[in-house]
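Residues per chain, in single letters:
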Amino acid sequence: MSWLKSSSFRSSITRHRGSPPAKEFDPSACYDSFKKHWQQAFEIIERTQEKCVTKQDDVLIVVNHIDQMISLLLLEFRSEFKDSPCLEYLLSEDLLECIYDWSLITGRFNNSLKLEQFKLYESLMSHSRNELLIHESFLRPLLRLLSSCVDQCFSVEAEKRLVALLNLLCVSFMQQSELIELFFPSLQEPSQNRFVIFSLLIPFIHREGPIGQQARDALLLCMSLSKHNDSVESFITNESNVCPVLATGLSGLYSRLPRKLSIEAEDWHRFTPDDVAEIKELTTFINSLEFCNVVVQISHPKVQNALLEFLYQGFLVPVLGPALLQDCVGLPGYNSQLHANIEEDLIVATAYFDLMLRSVTHPGLLHSLVRFTLQETYEGHRVIDALVTRINAESRLCLVTLATLESLVDLNCEDIMLDLVLRHLVPCTHVMLSQRSRVQHIDPYCRSAQKFLSLSPAITRYSRAEGSLYGDYRSYLSHARDRITSCTNATQSWTYPYDGESPPQIAVVPKSEELKSTLETDADHISLPSADDGSSGYESFKTFKDNNRLGEPEDTGGGGGDDAESLPSPCGSDSVMETCHTSNNVKQSNSTNSKTYLNNILSTTPSIGLFLDILFAKLESMLSHDLYVNLHLTGLVSRLAVYPQPLIHSFLLDHSLVFQPSIRSLFQVIGTLKQRIETKLSHESNLESLTQEAQLFLLHEEDRIVNARRNALNESPASLPPTKYSNDSFDRGDNKRRSLSTAFNAMFRRYSNSYKDSLKESELEPSEAGYWFFKRKNCEVKRVVMCGVLLDEWLKELAAITQEHAIAKS
């Protein structure tokens, strides 16, 4: 065994030794004892092989000897001596092969002996790591053992040892990647399982607890190797079932999620980390989703695309879609109770969808969610259309829907904004023809901001003066500046600037016309930003007409010229608009196309789209909604106003722009709301007291929300879910979007400490504030007062956003 003594393997074993053994350690005695244990075990092995009968006592004795041999090996590994006679004896005499061969004839004791072999290999690997794998007397029996474990059931203890061994092997591959080729026997050897380690890990993907966690860690190591190893990539893509297992497993975990939630808080609208921690099934689902997110992030592009397609076709379309779009209309035996049950299901399904949007970070997986939201139809209805329509739903469903739409808008995705807003504003039919050149108008004197402030209801004169107006407004300006900067950075790589001029030529494509999508986009090159990270924008969906592209030069057979790309828009929408690049050959046909474009503009009914129509109608009826709906409603409009694209902020924030008579501006909507508030309160005598009570209530709410999460972390940090693969996505969403909208958190943070210090100890606690303000008499009047106070704060926020846009454009 001189080859072993002089090899690098010897020095490696020395490096992996731990603390030195006791001084009385005698390597010679250790070696003699090791050989004696094996000789006694081998006598039993030979006897049982001759008789072809294995008794339980025989197995127990052999197992005991193997345990003693493992202990002696560990003692030798930790020694300071250069030689390893026990290990040399183990390898030179093929003891591992002998143990495995004997286990095959032991019948019902086979699994017990496999457990001992797992322990033996785990001990050897944990101390010698990579070097043992290159020796046939170690590798051959290991491969035979692992191959025999495929599709087998073991005890929990055996599973634990098997997964630990597999994890050690994967770590070895990361340290010395060429070793992985040892586990890829040639295709001419059908009896051998190719990359058996990976196949054995797959059944543990969705397992809960430490076993599942360790298996997922090992799988991630293999997935990361696929980027640099063709054998691993080919196996995972073509021979492994890991992608369908991940997709179907996610579907199974989703089906186990509760369909009813016992959440009493009236302001609840989305899952927080504490909510997830309290629902075991949801914790498991989110862990698996985040695992998929990391797999897509680290894998080879072919593995990414395969997994994304399986997740799309195996989970999003058949499972999540029907859950989000179930409806009780037309069902047999329709009644109000059935409607209530289905509405509860929709609330929970929408909240799950929102949580998914906030939990994933990889552009490819976010891209799949966006594609699913905009393209998939169920009985003629798209997910995005259903969400927009449900803004008009009852309180809880409306709250959850608004929160989900906010998450979608927060993605800074061109296609989301195109579908909700921009495709209706691009033709500029909402403004008078003479006004279309003013879409990019800069308001240097901030007259629009002044107009917003002038729309504050009269009751605001009763507001407390602490934290003066200048101090309040300054914090609004700072917050608006940060949001506009972040959104501008995130949308820099959008296809078009949406400035009223580009894209310049637009025609409405007939609904019946077939469009086909390109996404064959490499998931690594999709730049869709995750929520809140302020990264670069997302290259939108591109759709193409098969024939007769608008503005495309007639084909002369000579080739050349650019294909005309359509305006980014989801396939299958009711009104998909197509545009052309302004290339030289397109400009040659501009004369004819300009006439067509003008005719289309003049013949098109002015519209701002269903989404903005519903938002404006909901805003105008704020007096009939509760506080939390109004907070989310105003927060969503403010988030839209943050977008820097001229078509968006000119429509929402430019007071000087003249619209078509059938189109209402945000200023008109707010003006109507102001008039209604003042009309309802015109005969009330105690407005000063009610106004200050409303402000106090809002301050209590802000304190409660800001401190609730902090207190939960201080009191019970262990309650947080073990989302190991979260990449900070869910945490990041929680930090910026607490139990109320972003606008609400920003809205009241500027009150000075002097105002809060002025509250006497006799004042009611925050938990009692809601009852104190709303449950006493004159509830309707109090609701109107609260709406007026909220409107006043929202107008300051809108004015600050308007002013910061003007500064940014100057």
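Draft legend 1. Examining the overall build of the protein more closely. Scanning the protein for helices and strands turns up 35 helices and 6 strands. Taken across its 810 residues, the protein has 55% of its residues classed as buried.

Draft legend 2. Molecular detail of the confidence of the model for the protein. Chain-level pLDDT for the protein is 76 on average; 71% of the residues reach the 70-or-more range. Taken as a whole, residues 505-518 scores under 50 in pLDDT and shows 41 contacts with residues more than four places along the chain or in a different chain. Note that residues 726-772 has pLDDT below 50 and, in this model, 114 contacts with residues that lie over four places away or in other chains.

Draft legend 3. Fine view of the nonpolar core. In terms of nonpolar packing, the biggest core is built from 230 residues, with Leu146, Phe183, Phe195 and Phe611 touching the most fellow members. Other than its neighbours up to four places away in sequence, Phe611 contacts Val388, Ile391, Leu405, Leu420, Val421, Leu636 and Leu640.

Draft legend 4. Summary view of the state of the cysteines. Using the criterion set out here, one finds 0 disulfides in the structure. In this structure Cys86 is a free cysteine whose sulfur lies 3.9 Å from that of Cys30, the closest cysteine sulfur available. A relative accessible area of 0% means that Cys86 is categorised as buried.

Draft legend 5. Region of the structure containing the packing of aromatic side chains. Scanning the entire structure with this criterion turns up 25 aromatic pairs. Between Phe195 and Phe198 the ring centres are 5.8 Å apart and the planes differ by 20°, which places this aromatic pair in the stacked class. Residue class for Phe198 comes out buried when judged on its relative accessible area of 0%. Ring geometry for Tyr254 against Phe285: centres 5.8 Å apart, planes inclined by 65°, an arrangement best described as edge-to-face. Highlighted residues: Tyr254 in helix 13 (residues 242-255) and Phe285 in helix 15 (residues 280-298), separated in sequence by 31 residues. Each member of the pair Tyr254 and Phe285 is classed as buried.

Draft legend 6. Here's a closer look at the pattern of salt bridges. Taken as a whole, this structure holds 28 salt bridges when the rule is applied. The salt bridge involving Asp67 is made with Lys119; its shortest N-O contact spans 3.4 Å. Here Lys119 lies in helix 7 (residues 110-128) and Asp67 lies in helix 4 (residues 56-77), a separation of 52 residues in the sequence. Between Asp101 and Arg144 there is a salt bridge whose closest N-O contact spans 2.9 Å. In this pair, Asp101 is assigned in helix 6 (residues 95-103) and Arg144 in helix 8 (residues 136-147), connecting sequence segments 43 residues apart. Overall, the relative accessible area of 28% leaves Arg144 in the partly exposed class. One continuous salt-bridge network, built from bridges that share partners, spans Glu97, Asp101, Glu136, Arg140 and Arg144.

Draft legend 7. Summary view of unusual backbone geometry. Phi at Asp94 takes a positive value of approximately 55°, unusual for a residue other than glycine. Mapped onto the elements of the fold, Asp94 is located in the loop between helix 5 (85-92) and helix 6. Look at Asp94 and you get partly exposed, because its relative accessible area is 30%. At Asp151, a position not held by glycine, the phi torsion is positive, near 65°. Owing to a relative accessible area of 75%, Asp151 belongs among the exposed residues under this scheme.

Draft legend 8. Seen up close, the side chain of Gln645. For Gln645, the location among the structural elements is in the loop between helix 27 (627-642) and helix 28 (646-653). The contact partners of Gln645, leaving out residues within four places of it in the chain, are Thr491, Trp494, Pro497 and Tyr498.

Draft legend 9. Region of the structure containing the side chain of Thr283. By the secondary structure assignment, Thr283 is in helix 15. We classify Thr283 as buried; its relative accessible area is 11%.

Draft legend 10. Representation of helix 21 (residues 414-425) in the model. Taking 1.5 Å as the rise per residue, helix 21 with 12 residues should run 16 Å; its terminal C-alpha atoms sit only 14 Å apart, a clear shortfall. Most of helix 21 is tucked away, with 12 of its 12 residues classed as buried. Regarding helix 21, the residues found buried are Glu414, Asp415, Ile416, Met417, Leu418, Asp419, Leu420, Val421, Leu422, Arg423, His424 and Leu425.

Draft legend 11. Structural context of the packing of helix 4 against helix 5. Orientation of helix 4 relative to helix 5, taken along the N-to-C sense of each, is 130°, at an axis distance of 8 Å. When the axes of helix 4 and helix 5 are compared, the pair comes out oblique. When helix 4 is examined against helix 5, the residues Leu73, Glu76 and Phe77 are found in contact with a partner set consisting of Pro85, Cys86, Leu87 and Leu90. Its residues assigned to classes, the contact of helix 4 with helix 5 shows 6 nonpolar, no polar and 1 charged.

Draft legend 12. Focus on helix 28. Judged by how many residues are buried, helix 28 sits mostly within the fold: 8 of 8 residues are covered. Within helix 28, burial applies to Pro646, Leu647, Ile648, His649, Ser650, Phe651, Leu652 and Leu653. The inward-facing, buried residues of helix 28 abut helix 21, helix 22 (447-454), helix 26 (609-620), helix 27, helix 29 (666-680) and helix 35 (779-809).

Draft legend 13. Region of the structure containing the environment of Tyr31. Turning to its location among the elements, Tyr31 is positioned in helix 3 (residues 27-51). Sequence separation between Tyr31 and Met69 is 38 residues; the distance between their C-alpha atoms is 9.7 Å. Look past the residues within four positions of Tyr31 in its chain and what remains in contact with it is Pro85, Cys86 and Tyr89.

Draft legend 14. The environment of Thr691, seen in detail. Counting through the fold element by element, Thr691 comes out in helix 30 (residues 687-715). With a relative accessible area of 0%, Thr691 lands in the buried category. Between the C-alpha atom of Thr691 and that of Val789, which follows or precedes it by 98 residues, the distance is 7.1 Å. From its side chain, Thr691 meets the backbone oxygen of Leu687 in a polar contact 2.7 Å long.

What counts and what doesn't
- Residues numbered from 1 in each chain as written.
- Predicted model: local features only at pLDDT ≥ 70, side-chain atom pairs only at ≥ 80, totals over all residues.
- Heavy atoms only, no water.
- Helix = DSSP H or I, 4+ residues; strand = E, 2+ residues; numbered from the N terminus.
- Buried < 20%, exposed > 50% of the residue type's maximum accessible area, 1.4 Å probe, protein only.
- pLDDT = per-residue confidence, 0-100.
- Contact = heavy atoms within 4.5 Å.
- Core = buried A, V, L, I, M, F, W, Y, C linked by side-chain atoms within 4.5 Å.
- Disulfide = S-S within 2.5 Å.
- Phe/Tyr/Trp six-rings, centres within 6.5 Å; stacked < 30°, edge-to-face > 60°.
- Salt bridge = Lys/Arg side-chain N within 4 Å of Asp/Glu carboxyl O.
- Expected span 1.5 Å × (residues − 1).
- Axes fitted to C-alpha atoms, helices over the stretch in contact; angles between N-to-C directions.
- Parallel < 35°, antiparallel > 145°, perpendicular 65-115°, else oblique.
- Nonpolar A, V, L, I, M, F, W, Y, C, P; charged D, E, K, R; others polar.
- Polar contact = N/O pair within 3.5 Å; in protein donor to acceptor, adjacent residues only side chain to side chain.

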